[in-house]
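# Descriptive analysis of the structure
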Amino acid sequence: MSSQTHRLDFASAVALIALLAIALPLLLDPFRLNLIGKYLALAFVAIGIVLTWGYGGILSLGQGVFFGLGGYLMAMFLKLEASAPELPDFMVWSSVETLPVWWTPFRSLGWTVLGIFVLPAVIAYLFSFAIFRRRVSGVYFAIVTLSLALTLTVVVVGQQGDTGGANGITDFKTLLGMDILSDEALRVLYFVEVAFLAVAMLLALTLVRTRFGKILIAIRDREDRVRFSGYDTAHMKAFVFACGAVLASVGGAFFTLQVGLISPSVIGVVASVEMVIYAAVGGRLSIPGAVVGALLIGFLKSYLSETFPEAWLYFLGGVFILVVWVMPNGLAGLKDQWQARRGGARSAG
């Protein structure tokens, strides 16, 4: 990618953050602002998909696994705080008498935050490296991640006493003693989320401009040549996949805080495919576009489900087909087309 494109992406990211941090809080009521916060949680996943799929050529249909991991870890901390000193209610209903050992570290917010960052990175790296070193890629890797999402959904639903089962983990109201359901608390949480999103966008934009980013694009286009040049492509692909997993996990944690619950539905195949669509609509090579895609699809889902409660899925499906048909490079592709036409006009002049 040219330096001009990088500069435009950075300028777009700054403008987008200004819109999210300044304009929207002034224009929207607390309910709508909370909805935007929910969509921004999914934007973290979309940024990770741009890195893995757009730049690395790694299509994952299981990002919901890592999104759910971050969401469940945060929910575990919130649930233990809400039910202390008793066991969580769903454990009592399932006749669990003592707190499972693996729940114990999540009595601490510090350990919870550490787990949100470290666990998905370790799991994603080890899982993907074991696959990439056998030179499994493309559609085969997508199928493996799809299977992982299906398997984990079944496991979570089946472990009622440990995970809350099909209902998930709900009914928590405080974070370190502070009410997280009030309008003021949700507003503060929104600004914290925007700050984290700004950092995530900056780090992602920086990563793709480094030497590693250029090698990643080369791996996407001709992995065999990069491997013959002496690079460990399996390690590099596993690293960027781990970065996408961490972003998804952070998004899941914010999703739990914004929505007030976490359930197996966010882990499954449908949710994972939707996450890929966010990046596809925004532009799989555009980091700001991924955020715009998540916001746009999130808004359409809310608006269409309110306006056409019985047919909104058909409308949404039509939007997806139209975008892929008319704009194969997503919304960011329109910017590239405009740049090309402008450059052609200058050359002709």
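In this text, all values refer to a predicted model and were calculated from it rather than measured experimentally. (Residues numbered from 1 in each chain as written. Predicted model: local features only at pLDDT ≥ 70, side-chain atom pairs only at ≥ 80, totals over all residues. Heavy atoms only, no water.)

## Details of the overall build of the protein
Helix and strand counts for the protein come out as 14 helices and 2 strands. What you see for the protein is a C-alpha radius of gyration of 21 Å, in line with the 20 Å of a compact globule of 349 residues. For the protein, buried positions account for 48% of its 349 residues. Here the analysis covers contacts within the protein between residues at least 6 apart in sequence; of these, 79% occur between residues at least 24 apart. When the accessible surface of the protein is split by element, carbon and sulfur atoms take 67% of a total near 17100 Å². Between the centroid of the 24 positive side chains of the protein and the centroid of its 20 negative side chains there is a distance of 17 Å. (Helix = DSSP H or I, 4+ residues; strand = E, 2+ residues; numbered from the N terminus. Rg over C-alpha atoms; globule rule 2.2 N^0.38 Å. Buried < 20%, exposed > 50% of the residue type's maximum accessible area, 1.4 Å probe, protein only. Contact = heavy atoms within 4.5 Å. Areas by Shrake-Rupley, 256 points an atom, 1.4 Å probe, with all protein chains shown as cover. Lys, Arg positive; Asp, Glu negative; His and termini not counted. Charge placed at Lys NZ, Arg CZ, Asp CG, Glu CD.)

## Digging into unusual backbone geometry
Of note, the amide linkage connecting alanine 84 to proline 85 takes the cis form, showing an omega dihedral of 0 degrees. With respect to the helices and strands, proline 85 occurs in the loop between helix H3 (63-83) and helix H4 (89-93). Even without being glycine, aspartate 171 reaches a positive phi, approximately 65 degrees. Position of aspartate 171 among the secondary structure elements: in the loop between helix H7 (160-163) and strand E1 (174-175). Using a relative accessible area of 46% as the deciding quantity, one classes aspartate 171 as partly exposed. Here leucine 176, not a glycine, exhibits a phi torsion of approximately 55 degrees, which is positive.

## Overview of a nonpolar patch on the surface
Together, Trp111, Val113, Leu114, Phe117, Val118, Val122, Leu126, Val188, Val192 and Phe196 make up an exposed nonpolar region whose accessible area comes to about 880 Å². Counting residues per element, the ones that place at least two in the nonpolar patch are helix H5 (109-132) and helix H8 (183-209). At 7 residues, H5 tops the list of elements feeding residues into the nonpolar patch. For valine 118, the location among the structural elements is in helix H5. (Patch = residues over 30% accessible without salt bridge, like charges linked within 9 Å, V, L, I, M, F, W, Y side chains within 5 Å. Salt bridge = Lys/Arg side-chain N within 4 Å of Asp/Glu carboxyl O.)

## Some words on the nonpolar core
Counting 105 residues, the largest nonpolar core has Leu20, Leu40, Ile47, Ile169, Leu197, Met201 and Val291 as its most contacted members. The element best represented in this core is helix H2 (residues 30-55), accounting for 17 residues. Leaving out residues up to four positions away in the same chain, valine 291 has contacts with Leu16, Leu40, Ala43, Ile47, Leu197 and Met201. (Core = buried A, V, L, I, M, F, W, Y, C linked by side-chain atoms within 4.5 Å.)

## A closer look at the packing of aromatic side chains
Enumeration over the complete set of coordinates arrives at 13 aromatic pairs. Aromatic pair phenylalanine 90 and tryptophan 103: ring centres 6.0 Å apart, planes at 50 degrees, arrangement tilted. Of this pair, phenylalanine 90 sits in helix H4 while tryptophan 103 is found in the loop between H4 and H5, placing the two residues 13 residues apart along the sequence. Like tryptophan 103, phenylalanine 90 is buried. Among the aromatic residues, those joined into a cluster by ring pairs are Phe66, Phe127, Phe132, Phe141 and Phe241. Sitting over the face of the ring of tryptophan 53, arginine 284 holds its NZ or CZ atom 5.0 Å from the ring centroid. (Phe/Tyr/Trp six-rings, centres within 6.5 Å; stacked < 30°, edge-to-face > 60°. Lys NZ or Arg CZ within 6 Å of the ring centre and 35° of its normal.)

## What to know about the packing of H8 against helix H9 (residues 211-228)
Here H8 crosses H9 at 70 degrees, and the two axes come no closer than 4 Å. Relative to H9, the element H8 lies roughly perpendicular. In this structure, H8 uses Leu207, Val208 and Arg209 to contact H9, whose residues at the interface are Arg211, Phe212, Gly213 and Lys214. (Axes fitted to C-alpha atoms, helices over the stretch in contact; angles between N-to-C directions. Parallel < 35°, antiparallel > 145°, perpendicular 65-115°, else oblique.)

## Notes on helix H10 (residues 233-259)
Compared with an ideal rise of 1.5 Å per residue, which puts 27 residues at 39 Å, H10 spans 39 Å between its outermost C-alpha atoms and is within 8% of the ideal. Burial of H10 is extensive: 23 of the 27 residues sit out of reach of the surface. Positioned one or two residues after H10, glycine 260 has a phi angle of 90 degrees, which is positive. (Expected span 1.5 Å × (residues − 1).)

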